[in-house]
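Read off the chains here:
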Amino acid sequence: MGKSRTKRFKRPQFSPTGDCQAEAAAANGTEPEEDDGPAAELLEKLQHPSAEVRECACAGLARLVQQRPALPGLARRDAVRRLGPLLLDPSLAVRETAAGALRNLSACGGFEVCDDMVTKDIMTPLVALLKECSTGLDSNEMSPQETKDQNRNSIENIANEVVNVLWNICECSSRAVSIFNKEGCLEIVLKYLSRFSTNVDLAISVAYCLQTVTEDNPELLKSFSAPALHVLESAMLSPVSSMEYILLKTLVAGTIWNLKDIIPSKSQAEIINAILKILSEVLEMDAGEMVIQMKETETQRMKTAAQTEDTLQNVNGDDLIEDDEMEEIPHRRKVRRKTFISDLLPPTDKELRETIALLTAQQTALEIIVNMCCSEDPTDDEWEELSSSDESDAFMENSLSECGGQLLSPLCLSHEVHTALTNYLIPKKIFEKTAFPNSIAVDVCSRNPSWKPLIRKMSTIQCRALVCLQSLVSLLDVDHLGGPAALQTLAQHLSQLLFSQPDFAKHVDFLEAISSALRALLQTVASKNIPQCMTPDQLLTLCRAGIHSSNVGVRVNVVSILGITGSVLAKEDGTLDTLKTIGCFLLEVATKDPSLVVAGEALDALFDVFADGKEAERASVQIKLLSALKEFQPVFKMKIRKEGRAKYSPDQLCVLDNVKMNLRRFVAYQETVEKRLTT
């Protein structure tokens, strides 16, 4: 069977206001019209002689770019070229809001917008502003204390926006990463990171950026000196235990993992232990309980603040209510209006910030572990590939190398990582994270609009944990996973997760993650001759639901699961009817699924199920497998020839060619089986 591949996670993009709000705007009927009048008006005001007007225009654009339908109009009017010069505006407030607008544009626009931003030379003013901020922070140290504090806050706020724009663009553009390397940006962002004790928000932004630019970037790795590594080490080992610092340490741990190739071999075990110790501590925390506790704290704080405000009003009268510069917000508190960018963004209370930081840290920790478990060949992102079934692993590796890539090279953990994973009980903690989110926490979040997005974050952690579980089950020895009994318990757990949701097929992310974990588990159990815990009927229920998913990964997984199950049943007596059901199912998928990737996996599964065994031979004859495959063989060849180059990567085509070759061999084998059984 084909080896299941693990998804290698990329860093998520970020905007100051969270996720892009096009969908929400559409749902509320507030999406912009086709006419890009607002964009034209705001862009025109960028040239206004008043700094305050320019600042307000940038702030308006920062909100507008989050609505996806507005992006084409902004592109037509060359918004990037018009915003770029404002990064170096004489007004610090304009610089900050211009950078904020570009930050949102790069986060919400995706790959094409980011690539276009590089084409329009946004990196020149961006790098210039990055360097000016660094110089400004140095010269500010000589100013009087009060002026120093004001200037530092303004400069650090600008730097934070700039680093986020860099992060978003470098995530999408290799040209941007190349400019980052050549312009010496590393030294500057490390200087910002070194200020983590006084500005953790800026440090977190830098850590996100570093995680992106250090991945698969050998040119940049050469620039890391001993002092640079010391800055990372200091941040990672910070004794502060707030949730934001926990997130910072997790992100820095991911960056240090990316630098493993430049770490001396004698220090690698120590570094890996330090990384996994941090990840272990992050995963040990109960996020559900944290949500409940923090929401209670917020409620009590706001209640106390409201009572205090009422007391002050009773003492001083209601004069404050008449102030034109005052605005009422929930819980009857009054706050003075501000005129800078933060006022245009949703309020983020301390408790909510802390909770989001923990959830993000846990998601990041799981993604780092998955990446640590991934092979490091160039095809890590193509994690749902096919393989041929009837050749040895050595033959497969050699064949695929000839096709231009080690697509199915064995995924191996170094001894140090293997040891550290088990020492810090990582498998156990990941297992715990695969459970559904705490129902009380979900209920608490669902009743408060500002906390409601955390429900999705908690579900994402569950899905990441399932993918992480897939990696560990595939790579660790059975003994390090707790032995055969633990694997059977795990199978029961996954079964309960799956079938406790009657509508599981509707939750695509969950279905893809849990089917990946089940696929890896069943492969391991079958290879070690451990009795299966899930019945064929249960697996068929999963597969019948999953095969209709629009997600190719889900369909590949369920087909592979049936192939593994069928190959085990083929060696047992009394399994004829089940094998016939499995055979008919796989045959229908192979001949009717629109994706050649899924069709190829279905053929691969058929080769496994009907390769050996008396029951398998009888079943193949009774379902007329030979005639069906003979009829499909030329169709499969024609589809590869017609669709292959347009729809599939060279590596996928290489694997499909192997499937095509094995189909010819399997047909010849089935001819001998049918002749023997019918004569």
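All values reported here derive from a predicted model rather than from experimental measurement.

Draft legend 1. How the structure looks around the overall build of the chain. Tallying secondary structure elements over the chain gives 31 helices and 2 strands in all. Per-residue burial over the chain gives 53% buried out of 679 residues. Residue pairs at least 24 apart in sequence account for 78% of intrachain contacts in the chain once pairs closer than 6 positions are excluded. Taken as a whole, the chain presents about 30,700 Å² of accessible surface, with 52% of it coming from carbon and sulfur.

Draft legend 2. Layout of the packing of helix H20 (residues 426-433) against helix H22 (residues 453-475). Contact geometry of H20 with H22 gives a least axis separation of 8 Å together with a crossing angle of 140°. Put simply, H20 runs oblique to H22. Crossing hand, H20 versus H22: left-handed. Across from Ile426, Pro427, Ile430 and Lys433 in H20, the residues of H22 making contact are Ile461, Gln462, Ala465, Cys468, Leu469 and Leu472. Class assignment for the residues of the contact of H20 with H22 results in 8 nonpolar, 1 polar and 1 charged.

Draft legend 3. Up close: the packing of helix H25 (residues 536-546) against helix H27 (residues 576-592). Here H25 crosses H27 at 15°, and the two axes come no closer than 12 Å. Viewed along their axes, H25 and H27 adopt a mutual orientation that is roughly parallel. Along this stretch, H25 crosses H27, giving a crossing that reads as left-handed. In contact with Pro536, Leu540, Cys543 and Arg544 of H25, H27 contributes Thr578, Thr581, Ile582 and Phe585.

Draft legend 4. Representation of the pattern of salt bridges within the structure. In this structure the tally under the stated criterion is 30 salt bridges. Salt bridges sharing common partners tie together Asp78, Arg81, Asp116 and Lys120.

Draft legend 5. Seen up close, the packing of aromatic side chains. Counted by the stated rule, this structure contains 6 aromatic pairs. On the numbers, 5.5 Å between centres and 35° between planes, the contact of Phe436 with Phe510 is tilted. Of the two residues, Phe436 is situated in the loop between H20 and helix H21 (439-446) and Phe510 in helix H24 (residues 508-527); the sequence distance between them amounts to 74 residues. Here Phe436 falls in the partly exposed class, since its relative accessible area comes to 32%. Judged by centre distance (6.1 Å) and plane angle (85°), the rings of Phe499 and Phe504 are edge-to-face. By the ring-pair criterion, three or more aromatic residues cluster together here, those being Phe607, Phe666 and Tyr669.

Draft legend 6. Quick look at H20. Residues of H20 that are buried include every one of Ile426, Pro427, Lys429, Ile430 and Lys433, and no others. Viewed along the axis of H20, the buried residues span an arc of 165°, placing them on a single side of the element.

Draft legend 7. Molecular detail of a positive patch on the surface. There is a patch of like positive charges on the surface, built from Lys637, Arg641, Lys642 and Arg664. If you tally residues by element for the positive patch, the top one is helix H30 (residues 625-647), at 3 residues. Within the element layout of this structure, Lys637 appears in helix H30.

Draft legend 8. Here's a closer look at the environment of Ile246. Relative to the elements of secondary structure, Ile246 occurs in helix H14 (residues 243-258). In this structure Ile246 comes out as buried when scored by relative accessible area, which is 12%. Residues Ile246 and Met236, spaced 10 residues apart in sequence, show a C-alpha to C-alpha distance of 8.9 Å. With near-sequence residues (within four places) excluded, Ile246 lies in contact with Ser241, Val282, Met285 and Ala361.

Draft legend 9. A look at the environment of Gln462. By secondary structure assignment, the location of Gln462 is in helix H22. Here the alpha-carbon distance between Gln462 and Glu432, two residues 30 residues apart in the chain, equals 9.1 Å.

Draft legend 10. Here's a closer look at the environment of Thr255. Turning to its location among the elements, Thr255 is positioned in helix H14. Among the residues examined, Thr255 registers a relative accessible area of 1% and is labelled buried. On a C-alpha basis, the gap between Thr255 and Thr212 in space is 8.1 Å, while along the polypeptide they are 43 residues apart. Discounting chain neighbours no more than four positions away, the residues touching Thr255 are Ala207, Leu210, Gln211, Thr214 and Leu232.

Draft legend 11. How the structure looks around the side chain of Ser567. If you trace the backbone, Ser567 turns up in helix H26 (residues 552-569). With a relative accessible area of 15%, Ser567 lands in the buried category. If we skip the residues at most four places from it in the chain, Ser567 touches Asp608 and Val609.

Draft legend 12. Representation of the confidence of the model for the chain in the model. Confidence along the chain averages 83 in pLDDT terms, with 82% of residues attaining 70 or more. Low confidence marks residues 11-35, where pLDDT is under 50. Its contacts with residues over four positions away, or in another chain, come to 51 contacts. This model gives residues 375-412 a pLDDT under 50, and the stretch forms 97 contacts once residues within four places in sequence are excluded.

Draft legend 13. H26, seen in detail. Along its 18 residues, H26 runs 26 Å from first to last C-alpha, staying within 8% of the 26 Å computed at 1.5 Å per residue. With 16 of its 18 residues buried, H26 lies for the most part within the structure. The backbone nitrogen of Gly553 has a side-chain oxygen 2.7 Å away, supplied by the residue at the start of H26, namely Asn551.

Draft legend 14. The arrangement of unusual backbone geometry in detail. At Asp78, a position not held by glycine, the phi torsion is positive, near 55°. Phi is positive for Asp121, which is not a glycine, with a value near 65°. Overall, the relative accessible area of 42% leaves Asp121 in the partly exposed class.

Draft legend 15. A look at the state of the cysteines. Taken as a whole and assessed by the stated rule, the structure comprises 0 disulfides. The thiol sulfur of Cys56 is not disulfide-bonded, and the nearest other cysteine sulfur, from Cys58, lies at 9.4 Å. The class of Cys56 is partly exposed, set by a relative accessible area of 46%.

Parameters and conventions
- Residues numbered from 1 in each chain as written.
- Predicted model: local features only at pLDDT ≥ 70, side-chain atom pairs only at ≥ 80, totals over all residues.
- Heavy atoms only, no water.
- Helix = DSSP H or I, 4+ residues; strand = E, 2+ residues; numbered from the N terminus.
- Buried < 20%, exposed > 50% of the residue type's maximum accessible area, 1.4 Å probe, protein only.
- Contact = heavy atoms within 4.5 Å.
- Areas by Shrake-Rupley, 256 points an atom, 1.4 Å probe, with all protein chains shown as cover.
- Axes fitted to C-alpha atoms, helices over the stretch in contact; angles between N-to-C directions.
- Parallel < 35°, antiparallel > 145°, perpendicular 65-115°, else oblique.
- Left-handed = near helix turned anticlockwise from the far one by under 90°.
- Nonpolar A, V, L, I, M, F, W, Y, C, P; charged D, E, K, R; others polar.
- Salt bridge = Lys/Arg side-chain N within 4 Å of Asp/Glu carboxyl O.
- Phe/Tyr/Trp six-rings, centres within 6.5 Å; stacked < 30°, edge-to-face > 60°.
- Arc of directions from axis to C-beta.
- Patch = residues over 30% accessible without salt bridge, like charges linked within 9 Å, V, L, I, M, F, W, Y side chains within 5 Å.
- Lys, Arg positive; Asp, Glu negative; His and termini not counted.
- Charge placed at Lys NZ, Arg CZ, Asp CG, Glu CD.
- pLDDT = per-residue confidence, 0-100.
- Expected span 1.5 Å × (residues − 1).
- Polar contact = N/O pair within 3.5 Å; in protein donor to acceptor, adjacent residues only side chain to side chain.
- Disulfide = S-S within 2.5 Å.

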